[in-house]
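Here is how the chains run, residue by residue.
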Number of protein chains: 2
Amino acid sequence: MSPRFDPGREASLLESTVASEVLFTGHFFDVARDRIAQVDSSLHTREYIRHPGAAAIIPIDAQGRVLIERQYRYAPRAVFTEFPAGKRDPGESTIDTAVRELAEETGHCAAEWAFLTRIYPAIGFADERMDIWICRGLEPVEQRLDSGERLQLHWLEVEALLALCLTHQIPDVKTHIGTLWLAQMYRGQIPWPRFQPAQAWREHPPA
Amino acid sequence: MSPRFDPGREASLLESTVASEVLFTGHFFDVARDRIAQVDSSLHTREYIRHPGAAAIIPIDAQGRVLIERQYRYAPRAVFTEFPAGKRDPGESTIDTAVRELAEETGHCAAEWAFLTRIYPAIGFADERMDIWICRGLEPVEQRLDSGERLQLHWLEVEALLALCLTHQIPDVKTHIGTLWLAQMYRGQIPWPRFQPAQAWREHPPA
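Residues numbered from 1 in each chain as written. Chains lettered and ligands numbered in written order. Predicted model: local features only at pLDDT ≥ 70, side-chain atom pairs only at ≥ 80, totals over all residues.

> Could you clarify how one ought to interpret the environment of glutamate 157 of chain B in this entry?
Residues and elements named next belong to chain B. Considering the arrangement of structural elements, one finds glutamate 157 in the loop between strand 10 (152-156) and helix 3 (158-166). On the basis of neighbour counts, which here come to 16 C-beta atoms within 10 Å, the residue glutamate 157 falls in the partly exposed class. Each C-alpha atom of the pair glutamate 157 and leucine 67 lies 9.0 Å from the other, and the pair is 90 residues apart in sequence. (Helix = DSSP H or I, 4+ residues; strand = E, 2+ residues; numbered from the N terminus. Buried ≥ 20, exposed ≤ 12 C-beta atoms within 10 Å, placed from the backbone.)

This is how it looks when you write it as structure tokens:
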């Protein structure tokens, strides 16, 4: 039933870099414009964002509730319901980003971590990759928000979060995807991923 | 059970624009840098992408299979499994984008359309909004790919697509989200949205 995509037949889809130029260097993303060649030797231009990558975190407490943030996002000009998340610092693996952001944004550390899945939010114009982690065994640590970072924290039942999702109130993709997976795990429809201490993920990151 | 987020308490999250500057004008997105004020009057800088918005399309055939594309995405440098999608042309509503892209990319028109949900793929750095549409009652029309657009089409069972999703082979967010919704609708776990001709959606777009 699982479809096979033939790498031989798909070789005709590939594009190779002929030249690359950085057009804009920002605080956390750059804009590049590349000349590329397709397999028929035709040349085309691709403009895109270079992003450092990110991690999202689904913190679960002893009662099975999850921690979400309400945060104003300036680009889309609205307050969103979202799981904690943040950009990778240089050289950081996403488990380290997740551990750091969980502490900074929510004031928690976690005993155990599980890798949920990896998403590419904007394949049409950005190279951003985001790993989604689940954690449990939470303990309080000092919260350290960045300058200009304002958010409000709420503990929600997974069924309540799913209800928001299915009524179009979770347009943020990491939170939407995490919620749909989580609801199925809570209902026993898909298995839970493996939990282990952050250190084990540092030694053997997800593929 | 549904959580209430209090607009009064959340007023402290809002940010207002003090000044705005376009730093880069690209072929389909711009980069802006704004000075913003928070409610405590502190000033901060926000750099972000201005994107025209987009529509994604889930075409369903008479046997209940869905149409996906295999396409090389230059920014993340990989071939992705994805539902057809495209950017809005100026002044276009997303149902028109969906009708147009379905024809251009796949060579089909559809008798009936349903609004699945709306996502914001990259709230941290872009204003892009994407509406996800489902369509059925497909008929062939002429395919008209853009210059430099190469893709391969496959009809898949929804269960096969779900299996790819749950084994981390659908990192594209529109396709990941569409698949998780669709699998639940096929299994009767959530209701189907309302189908109607594209013209009815033009007259009364989703909120």
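> What am I meant to see in the confidence of the model for chain A here?
In low-pLDDT regions, the fine details of the predicted coordinates are not to be read closely. The pLDDT averaged across chain A works out to 96; a share of 99% of its residues lies at or above 70. Scored by ipTM, the complex comes to 0.97, with pTM at 0.97. (pLDDT = per-residue confidence, 0-100.)

> Which parts of the structure should I look at to understand the packing of helix 3 of chain B against helix 4 (residues 173-186) of chain B?
Helices that pack against each other are described as a pair by the angle of their axes relative to one another and the distance between those axes. Residues and elements named next belong to chain B. Two numbers describe how helix 3 lies on helix 4: the axes approach to 9 Å, and their chain directions differ by 135°. Accordingly, the angle class assigned to the pair helix 3 and helix 4 is oblique. Classified by chirality, the crossing of helix 4 by helix 3 is left-handed. Facing helix 3, whose interface residues are Val158, Leu161, Leu162 and Cys165, helix 4 presents His176, Thr179, Leu180, Leu182, Ala183 and Tyr186. For the contact of helix 3 with helix 4, the residue count by class is eight nonpolar, two polar and no charged. (Axes fitted to C-alpha atoms, helices over the stretch in contact; angles between N-to-C directions. Parallel < 35°, antiparallel > 145°, perpendicular 65-115°, else oblique. Left-handed = near helix turned anticlockwise from the far one by under 90°. Contact = placed C-beta atoms within 7 Å. Nonpolar A, V, L, I, M, F, W, Y, C, P; charged D, E, K, R; others polar.)

> Could you clarify how one ought to interpret the sheet that holds strand 4 (residues 54-59) of chain B in this entry?
Hydrogen bonds along the backbone pair up the strands of a sheet, which may run parallel or antiparallel. Residue and element names in this part refer to chain B. Taken in spatial order, the four strands of this open sheet run 7-4-9-8, and their pairing is mixed. Two strands close off the open sheet at either side, each with one partner strand: strand 7 (85-87) and strand 8 (108-119). Neighbour-to-neighbour, the strand axes of the sheet open up by a mean angle of 25°, direction not taken into account. In terms of strand pairing, strand 4 meets strand 9 (residues 130-140) through six bridges, oriented parallel. Residue proline 59 lies in a different strand from strand 9, and its bridge partner there is cysteine 135. Docked against the sheet, helix 2 (residues 94-106) engages strand 4, strand 7, strand 8 and strand 9, running at close to 60° with respect to strand 4. (Pairing = 2+ DSSP bridges.)

> Quick question: what am I supposed to make of the relation of the copies chain A and chain B here?
One copy of the chain maps onto the second through a rotation around an axis plus a translation along that axis. Once chain A has been moved 0.0 Å along the axis and rotated by 180°, it coincides with chain B to within an RMSD of 0.0 Å. Here the copies are linked by what is in effect a two-fold axis. Judged by C-alpha distance, proline 121 of chain A is the residue of chain A that lies nearest the rotation axis, at 2.6 Å. In this assembly the copies share their binding face: 100% of the residues contributing to the interface of chain A also contribute to that of chain B. (Least-squares fit on C-alpha atoms with pLDDT ≥ 70 in both.)

> Is there a simple way to think about the pairing of strand 2 (residues 30-38) of chain A in this case?
In regular strands, side chains alternate between the two faces of the sheet. Residue and element names in this part refer to chain A. Bridging between strand 1 (residues 15-25) and strand 2 involves nine bridges; their strand directions are antiparallel. Following the sheet pairing, serine 16 is matched in strand 2 by alanine 37. The sheet contact formed by strand 2 and strand 3 (residues 43-50) spans eight bridges and is antiparallel. Within strand 3, the position partnered with alanine 32 by the bridge is tyrosine 48.

> How do you make sense of the nonpolar core when you look at a structure like this?
Grouped burial of nonpolar side chains is what soluble globular proteins tend to show. Membership of the largest hydrophobic core comes to 99 residues, with the highest contact counts inside it found for Ile57, Ile58 and Trp133 of chain A together with Ile57, Ile58 and Trp133 of chain B. Once residues within four sequence positions are removed from consideration, tryptophan 133 of chain B is found in contact with Ala55, Ala56, Ile57, Ile58, Ile95, Ala98, Trp113, Ala114, Phe115 and Leu116 of chain B. (Core = buried A, V, L, I, M, F, W, Y, C linked by C-beta atoms within 7 Å.)

> What should I look at first to understand the interface of chain A and chain B in this one?
Put simply, an interface is often sized by how much accessible area is lost when its parts join up. Contacts between the two partners involve 62 residues from chain A and, on the opposite side, 62 residues from chain B. Of the residues assigned to the side of chain A that touches chain B, the class counts are 34 nonpolar, 15 polar and 13 charged.

> Where do I start with the environment of histidine 154 of chain B in this structure?
Residue and element names in this part refer to chain B. Positionally, histidine 154 belongs in strand 10. Classification of histidine 154 by C-beta neighbours within 10 Å gives partly exposed; the count is 16. Separated by 74 residues in sequence, histidine 154 and phenylalanine 80 place their C-alpha atoms 12 Å apart.

> Where do I start with unusual backbone geometry in this structure?
Residues other than glycine seldom take positive phi values, yet serine 41 of chain A does so here, at roughly 75°. Positionally, serine 41 of chain A belongs in the loop between strand 2 and strand 3. Although it is not a glycine, histidine 168 of chain B adopts a positive phi angle of roughly 70°. With respect to the helices and strands, the residue histidine 168 of chain B is situated in the loop between helix 3 and helix 4. For histidine 168 of chain B, a count of 15 C-beta atoms within 10 Å corresponds to the partly exposed category.

> So what exactly am I meant to see when it comes to helix 2 of chain B here?
At 3.6 residues per turn, the α-helix brings residues three or four places apart onto the same side. All names here are of chain B. Here helix 2 spans 17 Å end to end across 13 residues, near enough to the 18 Å set by a 1.5 Å rise per residue. Listed as buried for helix 2 are Thr94, Ile95, Thr97, Ala98, Val99, Glu101, Leu102, Glu105 and Thr106. Glycine 107 sits one or two positions beyond helix 2 and adopts a positive phi of about 70°. (Expected span 1.5 Å × (residues − 1).)

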